[in-house]
2 protein chains.
Amino acid sequence: MTTTFDKAVQLAPAGDHRYTGATEPAYTNMVGPFGGTTAATLLNAVLLHPLRQGDPISLTVNFAGPVAEGAFEIEAHPVRTNRSTQHWSLQLLQQGQVAVTATAVLAQRRRTWSAAEATMPDQGLPRASDLQPLSLPGAPAWVGQYEMRFADGEAPTVFDGREQPHAHSRMWIRDAQPRALDFLSLAALCDSFFPRIFIRRRAPTPIGTVSLTCFFHADAAQLAQHGERHVLGSARALAYRNGYFDQSAEIWGDDGQLLASSHQMVYFRE
Amino acid sequence: MTTTFDKAVQLAPAGDHRYTGATEPAYTNMVGPFGGTTAATLLNAVLLHPLRQGDPISLTVNFAGPVAEGAFEIEAHPVRTNRSTQHWSLQLLQQGQVAVTATAVLAQRRRTWSAAEATMPDQGLPRASDLQPLSLPGAPAWVGQYEMRFADGEAPTVFDGREQPHAHSRMWIRDAQPRALDFLSLAALCDSFFPRIFIRRRAPTPIGTVSLTCFFHADAAQLAQHGERHVLGSARALAYRNGYFDQSAEIWGDDGQLLASSHQMVYFRE
């Protein structure tokens, strides 16, 4: 079955290293499309490319300018292919102007010694089925494409300006339209955490991510095992200062395995 | 005074969007130069560029292939300049082959509401002057370019294979040759944390960073205030799995302000 997410990240080949796509209205954000689907669409250009070797290890997406509703073009260049890794440079263009730049690293992973260091932040965490799905009337369209069940640090339904001591959140999340987890949906999930400044300040601050990095800890086999179940997302910030804050997130499988981590710098006004 | 670090990151203009430089033997790593000086040198191409607008907010450096000792060329393109941000794409080439790719975001910051969320990890932390500088005979040359004073999670002087429960480290660090902190040395410091797998496994594992992201929380004025004093670096990992692990680091001023945070994915063998 083709889901709305599949449609949002869909690309058509358009010659050497080029793909065309279009923004999907169901993933509209406050200004332009949800950054998560933009990140996933750029990654899709790599995954569809005939020269692709391996699976994603890291992806950095720089939101250089607004993405307008409608058609776009993606250029994806494999700048270096080694024995086990492959490095990509990407751009998303509209009317010949660069709106997004990205780099990606793929790798052919082999079985090695492995170990967790962080543990799943599941202290006192209710099961997904014991939590209510978020209902956020008036939220941008993309929010409705996810089923988010918050344990802590829920997005405020009303911006009452009561500053909070921190912006830590934990939520169970999956696509609202059930879909097996893959690298594309994992990339999009990396950007599915509300801007920390909303949670912290509870004030309507204009914001925009300038740079988003996703690290893929899971390989394809692990993702296939996960299927359509919820993942646990946790997010926090380190500092807000003079127009920019960072936020880091982790995405955990319900078996306690870390699937991805992500880090972004976000612009804010005032 | 020109320090060894200044020499390592030095570039000469070589035509439109091009600079030439050379690796500095004092910063040699196990294979090729220290990634921190490579990152700083790429950032320097942006800072020296006549079209530069603003100060660094984020920098992502992808180590696509080995950098050989000797000369290199850097191409730095401002792909998009907005009112307050500027996006850059960079490559480091040797013999016409891409060895490193990078993207950078600059911004003109304005004074806004600001707040810390994380706090300096200074619990039970001795002052720098109460700790011994690291002495690591046989370490690669770059290690000697820093004065590192470890409070916890020191690099093992002997790899005894005794696996540790975690790889958290805290160290006071500054350039061995005193030099006022700036964006270049801050970028290099982001990569000055020993690979977490060395601390965790205490085994000689071949490793290589594939992608490094630095977020700059400090602005130029804050850096100028810092001067030559030590910064506090803390580092940890989330997970090691099938050939790759992540590590995240924070760099704090001794006044408790977060100056930078960094995140990398590292390849390891076995």
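Higher on the page you've got the structure.
Report on the accompanying structure. All values derive from a computational prediction rather than experimental measurement.

Some remarks on the interface of chain B and chain A
Reasoning step 1: Facing 53 residues of chain B, the contacting portion of chain A comprises 53 residues.
Reasoning step 2: Considering only residue class, the side of chain B that touches chain A consists of 21 nonpolar, 20 polar and twelve charged.
Reasoning step 3: Bridging between strand β12 (residues 239–241) of chain A and strand β7 (residues 115–116) of chain B involves two bridges; their strand directions are antiparallel. By the bridge assignment, A:Tyr240 is partnered in β7(B) with B:Ala115.

Quick notes on unusual backbone geometry
Reasoning step 1: A positive phi is found at A:Arg202, a non-glycine position, where the angle reads about 50°.
Reasoning step 2: Turning to its location among the elements, A:Arg202 is positioned in the loop between α4 (196–201) and β10 (207–216).
Reasoning step 3: Although it is not a glycine, B:Asn242 sits at a positive phi angle of roughly 40°.
Reasoning step 4: Here B:Asn242 is to be found in the loop between β12 (239–241) and β13 (244–252).
Reasoning step 5: B:Asn242 gets classed as partly exposed once you count the C-beta atoms within 10 Å, which come to 18.

Quick notes on helix α2 (residues 35–48) of chain B
All names here are of chain B.
Reasoning step 1: For α2, with 14 residues, the first-to-last C-alpha span of 20 Å sits near the 20 Å given by 1.5 Å per residue.
Reasoning step 2: Burial of α2 is extensive: twelve of the 14 residues sit out of reach of the surface.
Reasoning step 3: Of all the residues in α2, the buried ones are Gly35, Gly36, Thr37, Thr38, Ala39, Ala40, Thr41, Leu42, Leu43, Asn44, Ala45 and Val46.

Points about the nonpolar core
Reasoning step 1: Counting 156 residues, the largest nonpolar core has A:Ala39, A:Leu186, A:Ala187, B:Ala39, B:Leu186 and B:Ala187 as its most contacted members.
Reasoning step 2: Excluding its chain neighbours within four sequence positions, the residues that come into contact with A:Ala39 are A:Leu59, A:Val61, A:Ala187, A:Ala188, A:Cys190, A:Asp191, A:Leu212 and A:Cys214.

Let's talk about the relation of the copies chain B and chain A
Reasoning step 1: Laying chain B over chain A is done by rotating through 180° and shifting 0.0 Å along the axis; what remains is an RMSD of 0.0 Å. Such values leave the two copies arranged in the relation of a two-fold axis.
Reasoning step 2: Here 100% of the contact residues of chain B are again contact residues in chain A; the copies associate through an equivalent surface.

Definitions and limits used
Numbering of residues starts from 1 in every chain and runs along the sequence as written. Key to labels: chains lettered from A, ligands numbered from 1, both in the order written. Two thresholds apply to this predicted model, a pLDDT of at least 70 for residue-level local features and 80 or more for giving and counting side-chain atom pairs, whereas whole-chain, interface and lining totals are computed over all residues. Residues are scored as being in contact if the C-beta atoms we place from backbone atoms lie within 7 Å. Nonpolar residues are Ala, Val, Leu, Ile, Met, Phe, Trp, Tyr, Cys and Pro. Charged residues are Asp, Glu, Lys and Arg, and all others, Gly as well, are polar. The pairing criterion for strands is at least two bridges between them, as found by DSSP. Each helix is a run of H or I in the DSSP string that is no shorter than four residues. Each strand is a run of E no shorter than two, and both are numbered from the N terminus. Whether a residue is buried, exposed or partly exposed is read from the other C-beta atoms within 10 Å of its own C-beta, which are placed from the backbone; 20 or more gives buried, 12 or fewer gives exposed, and intermediate counts give partly exposed. Take the residue count of a helix, subtract one, and multiply by 1.5 Å to get its expected span. Each nonpolar core consists of buried Ala, Val, Leu, Ile, Met, Phe, Trp, Tyr and Cys residues. Their C-beta atoms, within 7 Å, join them into a set. A least-squares superposition brings the copies together, and it is based on the C-alpha atoms of residues with pLDDT no lower than 70 in both.

Interpretation note: all reported values are geometric properties and have no functional meaning in isolation.
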